[in-house]
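# Working through the structure, step by step
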Amino acid sequence: MFGSLLERTGTAARGALLVLSYLVMLVAGGFGWVALFAVAGLAAVVGEFAVTRWSPPSEVLLEKVGLNRGYRQLSRDLASVLLVAATVPLTGVELTWLLVLPAAVWVTAVFSGALNTMIDRRNPVSALVRNIELGPIRSAPRPPGWVAALAGVPLAVLNVLLIPAAVVAAVRTDVTVMLAVAALAAGLAALVGAVVAVTWLRGRGTGKSPVLPVLQRWIDGYRPEVALYFAGPAKDVYQANMWLAPTEALHQRAVVLMRSKEAFFELADTRLPVICVPTGPDFMNLELGTVRAALYAANVGANIHMLREPGMKHVFVGHGDSDKQASVNPYSKVYDEVWVAGLAGRERYARAAVGVRDEDIVEIGRPQLAGVHTFGGTAPDRPFTVLYAPTWEGWLDDDPYHTSLVLMGERIVRGVLASPQVRLVYKPHPLTGSRSKEARAVHERLVSLIRAAGGDPDSGSLDGPGHRVVTGRVPALFDCFNQTDLLISDISSVVSDFVQSQRPYVVANPSGLPEDEFRREFPTSRAAYLLSRDCGELEKIVAVTRAGDDPMTDARRELKTYLLGPAEANPMDRFQEEIGRLCGSPPLLRDPGRRTPPPGPAAFPRAVAAACR
């Protein structure tokens, strides 16, 4: 119920309502208005739970404006004390205990938090691993998990008991209940503080945990030849996820190297050994001398910690080929090689003239697409399915046409929902709304439209005939492809990958460019139906593609070769072949017509070496 109510208000409004409840508590406590205090106190407690559970962005916003949970809890306790002081006659001793006992909880919270921080520093998280057995590692003592979770400001939550106690004390004009409850809260806080203090004393003199030396011994024994390197944040971990399966399938020993703890925990399931070393000095002190090929899924600053390794080839594999400007980032010059799907990627770099040399580009196809089914009719157990998969708003504020979501999203969704016997699957980009409030608001409206049409607003499955909103990791985008009869998207790698299926697709043209100019500027749209900003063509496109009278079939087949490489070439074999070349393995039979850079000794990436001269 609370989740549904919160969805109807904005992030800022939710935070404002929570702050208002605390302000009312303070005013009611100061003037002795018991009933109003009780209502506001209940609202504050329920509001804290609801915001934590259903609206984390509101909590983040309050943190940013200086109204963090600690200050809110402090105002709650002050309001409780004010109510008792305003309504109950107190002796000097009673007033002293009324002030001292709640304050004792706060003092304990502060010192337990400080000691717990010192305990954590004795056990620094220098490395996290998955699918790696490091054996027993001696570490400094830690308090129980529930104690560590309470230590610090969270411990002050015990004083929430003061709210009902203050109301009872005010109604009965007797401070006894208030003092008893305050003493109970102080006693519980003292117990937590004592456990933290004893743990801290037990660990005095304990050295740092030797995780890195043990990890280095494992690396020396495993001798990885290929490293999939990802230094991006958790919200971008999908970029690494798409390369897990192809890397797992390699003949060479491979490892995933990560730099963000949050991204490490969000990484998809894999059989590969995964190592996360957050700090730069720790990572640069790892000896990775057996690695011959380092694969980079994203351009981020922390790549430099891996790029400095001179004994391996550094290869940018990216996270999808598209006609976006980001697909020809000048940063790509730092790598020894840039791997693209097909001829389109090579020509894209040539047109952009960003300094990536043609001989450094290798066409390998898209090994991730092996599971995408090629063109076929509608499955008998489901209705005609339209997948709307818009890209996100992008990094630049001066590009309003980066996504169709803001300018066209509602018309697209309403149009598909109005089509009889058509199922809509809405799968937005993982970063949708992360930079634009307007994009986030439109996304929320689309979810509401689909819910109102009887759809599932948070689906974890594509089974069944109903409309779906898919925002989680599962079902994956390629799983959605296999259930899709018509794709509607933007200029993005979603389009390039969907071409593998040879099914019809629509590309939105929110900028209103003339058709010839649009197709010339964005080659991935050459076999697409174009959709103008007013979406006037949508009804006809759905009707034509449903009827099977699709004039773009041959164009899609030709475009697939241009974007993804020859149909007869297995992209996983091509990926394995190029990895084998870099690792010195015997090459598979190679297509003599495909241009690839000649093998050479491993060295610094060319641009980095030039900068160091």
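Read on for an overview of the structure. In this text the structure is predicted, and so the values were computed from the model without any measurement.

Quick look at the pairing of strand β3 (residues 254–258) now. Burial runs high along β3: five of the five residues are buried. The side-chain alternation of β3 yields two buried faces, one formed by A254, V256 and M258 and the other by V255 and L257. As judged from the five bridges shared by strand β2 (residues 226–230) and β3, these two strands associate in the parallel manner. The residue of β3 that forms the bridge with A227 is V255. Judged from the three bridges that link them, β3 and strand β4 (residues 274–276) form a sheet pairing that is parallel. Within the sheet, the bridge partner assigned to L257 lies in β4 and is I275. In this view, the connection linking β3 to its parallel neighbour β4 by way of helix α13 (residues 261–266) has right-handed handedness.

Sheet architecture is open: six strands sit in the order β11-β10-β9-β12-β13-β14, paired in parallel fashion. Of all the strands in the sheet, the pair left with one neighbour each is β11 (468–469) and β14 (529–532). Relative to β14, strand β13 (residues 505–509) runs parallel, the two sharing four bridges. Looking across to β14, one finds that V506 is bridged to Y529. The strands that helix α18 (residues 437–452) touches are β9 (384–389), β10 (422–426) and β11; relative to β10, the one it contacts most, it runs at about 150°.

Moving on: unusual backbone geometry. Omega for the bond connecting V474 with P475 falls within 30 degrees of zero, at -5°, which places this linkage in the cis form. As for its position among the elements, P475 is in the loop between β11 and α19 (477–481). One non-glycine residue, N131, lies in positive phi territory at about 60°. One non-glycine residue, T173, lies in positive phi territory at about 45°. Mapping T173 onto the fold places it in the loop between α8 (162–172) and α9 (176–202). The class of T173 is partly exposed, set by a relative accessible area of 46%.

Along the chain, G355 falls in the loop between α16 (343–352) and β8 (361–363). Separated by 26 residues in the primary sequence, G355 and N329 have C-alpha atoms spaced 9.7 Å apart.

Turning our eyes to something else, we now look at a nonpolar patch on the surface. A surface patch of nonpolar side chains, amounting to about 410 Å² of accessible area, comprises V27, F31, W33 and L36. Checked against the element boundaries, L36 lands in helix α3 (residues 34–54). A residue is classified by how much of its surface remains accessible, and L36, at 38% relative accessible area, is partly exposed.

This part takes up the packing of helix α2 (residues 11–31) against helix α4 (residues 56–64). Contact geometry of α2 with α4 gives a least axis separation of 8 Å together with a crossing angle of 65°. On the basis of their axis angle, the class for α2 and α4 is roughly perpendicular. Crossing hand, α2 versus α4: right-handed. Residues T11, A12, R14, G15, L18 and V19 of α2 touch α4, and the partners they reach there are P57, S58, L61 and L62. Residue classes in the contact of α2 with α4 are distributed as six nonpolar, three polar and one charged.

What follows deals with the packing of aromatic side chains. Going through the model one piece at a time under the given rule, you end up with 15 aromatic pairs. Seen in terms of ring centroids, W339 and F575 are 6.1 Å apart; in terms of plane orientation they differ by 90°. Their pairing is edge-to-face. Linking W339 in strand β7 (residues 337–340) with F575 in helix α24 (residues 571–583), this pair joins segments that are 236 residues apart in sequence. For the pair shown, W339 and F575 are each scored as buried. An aromatic cluster of three or more residues is present, and its members are Y229, F283, Y296, F316, Y331 and Y335. One residue, R130, lies across the ring of F264, its end atom 5.6 Å from the ring centre. One residue, R259, lies across the ring of F283, its end atom 4.6 Å from the ring centre.

Counting residues in hydrophobic clusters, the biggest one holds 42 residues, and the most contacted among them are M25, F37, V84 and M178. Contributing elements (two or more residues each) for this core: α2, α3, α5 (69–87), α6 (92–122), α8 and α9. It is α9 that provides the largest number of residues to this core, a total of nine residues. Beyond its immediate sequence surroundings of up to four residues, M178 is in contact with S80, V81, V84, L98, L162, A165, A166 and A169. With 35 residues, the next largest nonpolar core counts Y229, F283, M312 and F316 among its residues.

Each value, and the rule that gives it
Residues numbered from 1 in each chain as written. Predicted model: local features only at pLDDT ≥ 70, side-chain atom pairs only at ≥ 80, totals over all residues. Heavy atoms only, no water. Buried < 20%, exposed > 50% of the residue type's maximum accessible area, 1.4 Å probe, protein only. Helix = DSSP H or I, 4+ residues; strand = E, 2+ residues; numbered from the N terminus. Pairing = 2+ DSSP bridges. Right-handed = clockwise from strand over helix to strand, strands pointing away. Contact = heavy atoms within 4.5 Å. Axes fitted to C-alpha atoms, helices over the stretch in contact; angles between N-to-C directions. Patch = residues over 30% accessible without salt bridge, like charges linked within 9 Å, V, L, I, M, F, W, Y side chains within 5 Å. Areas by Shrake-Rupley, 256 points an atom, 1.4 Å probe, with all protein chains shown as cover. Salt bridge = Lys/Arg side-chain N within 4 Å of Asp/Glu carboxyl O. Parallel < 35°, antiparallel > 145°, perpendicular 65-115°, else oblique. Left-handed = near helix turned anticlockwise from the far one by under 90°. Nonpolar A, V, L, I, M, F, W, Y, C, P; charged D, E, K, R; others polar. Phe/Tyr/Trp six-rings, centres within 6.5 Å; stacked < 30°, edge-to-face > 60°. Lys NZ or Arg CZ within 6 Å of the ring centre and 35° of its normal. Core = buried A, V, L, I, M, F, W, Y, C linked by side-chain atoms within 4.5 Å.

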